[in-house]
Amino acid sequence: MNKNSLLHVGSPNIGDREKFHKYVDEIFDRRWLTNRGECVQKLEARLAEYLGVKHCITMCNGTVALEIAIRALDLSGEVIIPSLTFVATAHALQWQQIKPVFCDIDPNSYNIDPCEVEKHITEKTTGILGVHLYGRPCEIERLQQIADSYGIKLLFDAAHAFGCSHNGKRIGNFGVCEVFSFHATKVFNTFEGGAVATNNDELAAKIRLMQNFGFSGVDNVVHIGTNGKMCEVCAAMGIVNLDDLHVFMEVNRKNYQLYKEKISLIKGLRLIDFDELESYNAHYIVLEVDGSYPLCRDEIINELVNNNILARRYFWPGCHNMEPYRSSVSGAVYLLPKTDEVSARIVVLPNGGQVDVERVCKVLSLHCD
Ligand code: T4K
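Residues numbered from 1 in each chain as written. Predicted model: local features only at pLDDT ≥ 70, side-chain atom pairs only at ≥ 80, totals over all residues. Heavy atoms only, no water.

Now for a nonpolar patch on the surface. Taken together, the side chains of Leu6, Val305 and Leu310 define a hydrophobic patch exposed on the protein surface, amounting to about 230 Å² of accessible area. Residue Leu6 is classed as partly exposed on the basis of its relative accessible area, which comes to 46%. (Patch = residues over 30% accessible without salt bridge, like charges linked within 9 Å, V, L, I, M, F, W, Y side chains within 5 Å. Areas by Shrake-Rupley, 256 points an atom, 1.4 Å probe, with all protein chains shown as cover. Salt bridge = Lys/Arg side-chain N within 4 Å of Asp/Glu carboxyl O. Buried < 20%, exposed > 50% of the residue type's maximum accessible area, 1.4 Å probe, protein only.)

Next comes the structure, spelled out in structure tokens:
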């Protein structure tokens, strides 16, 4: 690797290319390119086994997977979500005329704060959509208690949490369903893709119908639906990448430990922690900047860019500060002080097989004595 090559957040993990090419040849030989072909069926079986869930329905991307799950659950009115997330979480609701109600985060976990959730529940609330931000699980049991006591549904946007666990159980098993993104930039990717994981047979059957135009057999439409299908080439990428997932995660975790060691020596900077007793993918290396570091957060990003390192401000400034949400609160502004404060001081650093941790940390330590 060139000493000054471009390092960036989101550089894809790519498994065994020869194996992938072989799968693609077989797809061409079969002349079956999409609509639940062999590769999709194989990937779904392997994902369900890996996650320990009854059903894992692959999708064309994580956003459509969220939209279909939300619709299959008959959510309506208002759904409570964190604002500190990728905007797709909010859009998946708003796209269906459901109001995302933004809730503040717990300043320790950066996930939706269960104490705040209850304050937002009204007679219009039909669900809570938690996000396991950066792969760190939400306070699942407390959220489930709240959902149960109000008779509303709990689901999770698990876009960041593939391969992560909570109390020893893989993410994918919690709430009524959990939704993954398998986008190119995720720890496990299928180029574009996503999935809904659930242990609920009825929900799984409904989601399967809805992702394929509502078809139940040839010529027989029994439900409203859309096109949420994953294609065969994407599924082949998934099969190949799943074989190497343990390697991707191990590389990420090693890099994370090295980042941690180096950054602990720099005053004013720290990395967020992961629970070492659980499985975690360490895909997002989240750096926090405090006032004692000589540069502010955005100056750090510029300094890294000047050194050919593309860091990101995921997820500044929070969905509540983006359109259409910023303008949609009539006469009032969202008060999410913890979200505002945290999103202003975080930088996501590159991780994955291509990253040179020493080089990134050298740039960060240039400004310290
Ligand atoms: N919920 C959450 C919590 C999510 O984070 C996401 C997606 C979703 C839902 C929706 O899932 P999908 O519908 O996307 O499956 C990127 C990804 O596009 C998005 O999937 C991801 N979250 C989000 C956190 O990151 P952008 O707008 O930052 O993408 P972009 O094009 O700026 O690329 C990010 C970095 O990755 C750049 O440094 C370039 C690098 N990159 C990107 C691609 C596509 C590569 O090196 N190679 C590539 O092929 O959203």
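That was the structure; now back to the text.
As a further point, take the sheet that holds strand β11 (residues 269-271). As summarised here, the arrangement of the 3 strands in space is β11-β12-β14, forming an open sheet in which the pairing is antiparallel. Both edges of this open sheet fall to β11 and β14 (346-349), since each of them pairs with a single strand only. With direction set aside, neighbouring strand axes in the sheet form an average angle of 30°. Pairing between strand β12 (residues 285-289) and β14: 4 bridges, direction antiparallel. Bridge pairing in β14 places Ile285 opposite Leu349. (Pairing = 2+ DSSP bridges. Helix = DSSP H or I, 4+ residues; strand = E, 2+ residues; numbered from the N terminus. Axes fitted to C-alpha atoms, helices over the stretch in contact; angles between N-to-C directions.)

With that settled, the discussion passes to the site of the ligand. Close to the ligand lie 25 residues, the nearest being His8, Val9, Thr63, Asp157 and Tyr314. Between Ser181 and the ligand, the recorded distance is 2.8 Å, taken from a side-chain N or O atom to an oxygen atom. Protein chains bury 74% of the 930 Å² of accessible surface belonging to the ligand in isolation. For the shell around the ligand, the secondary structure elements donating two or more residues are α3 (62-72) and α4 (88-94). The class makeup of the residues in the shell around the ligand is 9 nonpolar, 13 polar and 3 charged. Composition of the shell around the ligand by domain shows at least three residues from each of domain 1 (17-242) and domain 2 (245-365). (Near = heavy atom within 4 Å. Polar contact = N/O pair within 3.5 Å; in protein donor to acceptor, adjacent residues only side chain to side chain. Nonpolar A, V, L, I, M, F, W, Y, C, P; charged D, E, K, R; others polar. Domains from an automatic or database assignment.)

The mixed open sheet is built from 7 strands, whose spatial order is β2-β10-β9-β6-β5-β3-β4. Strands with a single pairing partner mark the edges of an open sheet, and in this sheet they are β2 (55-59) and β4 (99-103). Taking each pair of neighbouring strands and ignoring which way they run, the sheet shows an average axis angle of 25°. Both strand β9 (residues 177-181) and strand β10 (residues 194-198) contribute to a ladder of 4 bridges, which runs antiparallel. If you follow Val179 over to β10, its bridge partner there is Val196. Against the sheet, helix α2 (residues 38-51) contacts β2, β9 and β10, and its axis sits at roughly 135° relative to β2. Sheet strands in contact with helix α7 (residues 201-211) are β2, β9 and β10, and its direction is about 20° off that of β2. (Contact = heavy atoms within 4.5 Å.)

An ideal rise of 1.5 Å per residue puts 20 Å on 14 residues; α2 measures up with 20 Å between its terminal C-alpha atoms. Along α2, the residues that are buried comprise Cys39, Val40, Leu43, Glu44, Leu47, Ala48 and Leu51. For α2, the arc enclosing every buried residue in end-on projection is 160°, short of the 170-degree limit, so these residues lie on one face. Turned more than 90 degrees away from the buried face of α2, the exposed residues are Glu38 and Glu49. A positive phi of about 75° marks Gly52, the residue just after α2. (Expected span 1.5 Å × (residues − 1). Arc of directions from axis to C-beta.)

Our focus in this paragraph is the packing of aromatic side chains. Scanning all chains against the criterion turns up 17 aromatic pairs. Summarising the aromatic geometry, the rings of Phe162 and Phe180 are spaced 5.3 Å apart at their centres and angled 90° between planes, so their arrangement reads as edge-to-face. With Phe162 in the loop between β6 (153-157) and β7 (165-166) and Phe180 in strand β9, this residue pair connects regions lying 18 residues apart in the sequence. Given a relative accessible area of 2%, Phe162 falls into the buried group. Overall, the relative accessible area of 1% leaves Phe180 in the buried class. For the ring pair Tyr314 and Phe315, a centre distance of 4.9 Å and an interplane angle of 25° mean the geometry is stacked. Grouping aromatic residues by their ring pairs yields a cluster made of Tyr50, Phe162, Phe180, Phe182 and Phe188. Stacked on the ring of Tyr110, the Lys or Arg Arg136 has its end atom at 5.5 Å from the ring centre. Of note, Arg253 hangs over the ring of Tyr280, and the distance from its end group to the ring centre comes to 5.9 Å. (Phe/Tyr/Trp six-rings, centres within 6.5 Å; stacked < 30°, edge-to-face > 60°. Lys NZ or Arg CZ within 6 Å of the ring centre and 35° of its normal.)

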